[in-house]
Amino acid sequence: MTDTDIIHLGAQALAIAGKVAAPLLVAALLVGIVVSLVQSVFSIQDQTLATVPKLLVGALVLTIGGSWMLHTLVAYTTQLYRMIPTLT
């Protein structure tokens, strides 16, 4: 196994991690922005107000996209296991 192979595997792992985490992170970011705007408009100072909507949206995203996320991770892991005999 060469240095190039290791770097390639690391880059693939980071790309898969970003691809799987992106929907949840983007949804939480959008909900946070919307809640912050609502808090600003109505002058609400409660810092914990954004937690419940973020949790609900996170659960919704995981419910909708969880199977895709799991399939992506299982496919990558299977690919890694299949590569083991070829690594020297």
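Scroll up for the structure.
First things first, this report covers the structure right here in the doc. (Residues numbered from 1 in each chain as written. Predicted model: local features only at pLDDT ≥ 70, side-chain atom pairs only at ≥ 80, totals over all residues. Heavy atoms only, no water.)

**Side note on the overall build of the chain**
Working step 1: Per the secondary structure count, the chain includes 2 helices and 0 strands.
Working step 2: Its C-alpha radius of gyration of 19 Å places the chain more than 25% over the 12 Å reference for a compact globule of 88 residues.
Working step 3: Projected onto the principal axes, the alpha-carbon positions of the chain cover approximately 60 × 25 × 15 Å.
Working step 4: Per-residue burial for the chain yields a buried fraction of 17% across its 88 residues.
Working step 5: Sequence separation of at least 24 residues holds for 71% of the intrachain contacts in the chain that already meet a minimum separation of 6.
Working step 6: Total accessible area on the chain is roughly 6500 Å²; 74% of this is exposed by carbon and sulfur atoms. (Helix = DSSP H or I, 4+ residues; strand = E, 2+ residues; numbered from the N terminus. Rg over C-alpha atoms; globule rule 2.2 N^0.38 Å. Buried < 20%, exposed > 50% of the residue type's maximum accessible area, 1.4 Å probe, protein only. Contact = heavy atoms within 4.5 Å. Areas by Shrake-Rupley, 256 points an atom, 1.4 Å probe, with all protein chains shown as cover.)

**Structural notes on the packing of helix α1 (residues 3-42) against helix α2 (residues 51-83)**
Working step 1: Contact geometry for α1 and α2: axes closest at 11 Å, N-to-C directions at 175°. By the angle between their axes, α1 is roughly antiparallel relative to α2.
Working step 2: Residues belonging to the contact of α1 with α2 are distributed by class as follows: 20 nonpolar, 5 polar and 2 charged. (Axes fitted to C-alpha atoms, helices over the stretch in contact; angles between N-to-C directions. Parallel < 35°, antiparallel > 145°, perpendicular 65-115°, else oblique. Nonpolar A, V, L, I, M, F, W, Y, C, P; charged D, E, K, R; others polar.)

**What to know about a nonpolar patch on the surface**
Working step 1: A cluster of nonpolar side chains, contributed by Val34, Val38, Val41, Phe42, Ile44 and Leu49, occupies part of the molecular surface with about 540 Å² of accessible area.
Working step 2: The topology assignment puts Val38 in helix α1. (Patch = residues over 30% accessible without salt bridge, like charges linked within 9 Å, V, L, I, M, F, W, Y side chains within 5 Å. Salt bridge = Lys/Arg side-chain N within 4 Å of Asp/Glu carboxyl O.)

**Observations concerning unusual backbone geometry**
Working step 1: With a phi angle near 55°, Ser43 is a residue other than glycine that sits in the positive phi range.
Working step 2: Examined against the element boundaries, Ser43 turns out to sit in the loop between α1 and α2.

**Some remarks on α2**
Working step 1: Along its 33 residues, α2 runs just 42 Å from first to last C-alpha, ending more than 12% under the 48 Å computed at 1.5 Å per residue.
Working step 2: Gly58, Val61, Gly65, Met69, Thr72 and Tyr76 are the residues of α2 that are buried.
Working step 3: Where α2 is buried, its residues contact α1. (Expected span 1.5 Å × (residues − 1).)

**So, the environment of Ile6**
Working step 1: Note that Ile6 resides in helix α1.
Working step 2: Through-space distance from the C-alpha of Ile6 to that of Leu80 is 12 Å; in sequence the pair is 74 residues apart.

**Some thoughts on the nonpolar core**
Working step 1: In this structure, Ile16, Val20, Ala27, Val61, Met69 and Tyr76 together form the largest nonpolar core, which totals 6 residues.
Working step 2: Sorting the residues of this core by element identifies α1 and α2 as the ones contributing at least two each. (Core = buried A, V, L, I, M, F, W, Y, C linked by side-chain atoms within 4.5 Å.)

**Describing the side chain of Gln39**
Working step 1: Counting through the fold element by element, Gln39 comes out in helix α1.
Working step 2: On the basis of relative accessibility, which here comes to 13%, the residue Gln39 falls in the buried class.
Working step 3: Here Asp46 takes part through its backbone oxygen, which lies 2.5 Å from a polar atom of the side chain of Gln39.
Working step 4: Non-local contacts of Gln39, meaning those with residues more than four positions away in its chain, are made with Ile44, Asp46 and Leu49. (Polar contact = N/O pair within 3.5 Å; in protein donor to acceptor, adjacent residues only side chain to side chain.)

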